[in-house]
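Structural overview
The primary structure of each chain is shown beneath.
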Amino acid sequence: MAGPASVAGDVFVDALPYFDQGYDAPGVRGAAAALVEEETRRYRPTKNYLSYLPTPDFSAFETEIIRNEFERLAARQPMELLSMKRYELPAPSSGQKNDITAWQDCVNNSMAQLEHQAVRIENLELMAQYGTNAWKVSNE
């Protein structure tokens, strides 16, 4: 077993069970039980042994989004579904089937979405190529 090392105040760490050997030796289990017994005699827990600490403020780090989400959960409302509306390619309405500008708007919408997806793919390829090194540089 390792030698005693002061961690905080009167607390000494003198064993690392995942590293130290010799716990199966005779008398070790009895010595450990004696240490536990001595600790339980010395430590008499009160009903609220954390009463000297200030009351924790659980909302200190809440953002507006988190607060709204907690309220939604408390009201047992379902989560808002992901909107796929922007990925739709609607055709002109039945009243505009013969309108050239309506069809041109639909084509422009589809071209914009294709360009957006092409840019996303390009960004993913750039990230795969340079992202690791950029992350390492930003960590230094």
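Refer to the structure presented above.
Note that the structure is predicted; figures quoted are calculated from it, not measured. (Residues numbered from 1 in each chain as written. Predicted model: local features only at pLDDT ≥ 70, side-chain atom pairs only at ≥ 80, totals over all residues. Heavy atoms only, no water.)

Describing the overall build of the protein chain
Our working definition: Counting from the N terminus, the helices are DSSP H or I runs at least four residues long and the strands are E runs at least two residues long. Each residue gets one of three labels from its accessible area relative to the maximum for its type: buried under 20%, exposed over 50%, partly exposed in between, using a 1.4 Å probe on protein chains only. Any two residues whose heavy atoms approach within 4.5 Å at even a single point are treated as in contact. Working definition of accessibility: Shrake-Rupley area with a 1.4 Å probe, residue cover restricted to the visible protein chains.
Counting secondary structure elements, the protein chain contains three helices and two strands. Each helix and strand of the protein chain, ordered N terminal to C terminal, gives the series β-β-α-α-α. Here the protein chain holds 140 residues, and the buried ones make up 6% of them. Across the protein chain, the fraction of contacts at a sequence separation of at least 24, relative to all contacts at a separation of at least 6, is 15%. Counting only carbon and sulfur atoms, one obtains 61% of the accessible surface of the protein chain, whose full area is about 13,300 Å².

Concerning the side chain of Gln-113
Here is the rule we go by: Here a polar contact is taken to be a pair of N or O atoms separated by no more than 3.5 Å, where protein atoms must pair a possible hydrogen donor with a possible acceptor and residues adjacent in sequence count only if both atoms sit in side chains.
Topologically, Gln-113 is positioned in helix 3 (residues 100-139). Taking the relative accessible area as the measure of exposure, Gln-113 reaches 16% and is therefore buried. Within the structure, Gln-113 has its side chain in polar contact with the backbone oxygen of Arg-86 (distance 2.8 Å). Excluding its chain neighbours within four sequence positions, the residues that come into contact with Gln-113 are Arg-86, Tyr-87, Glu-88 and Leu-89.

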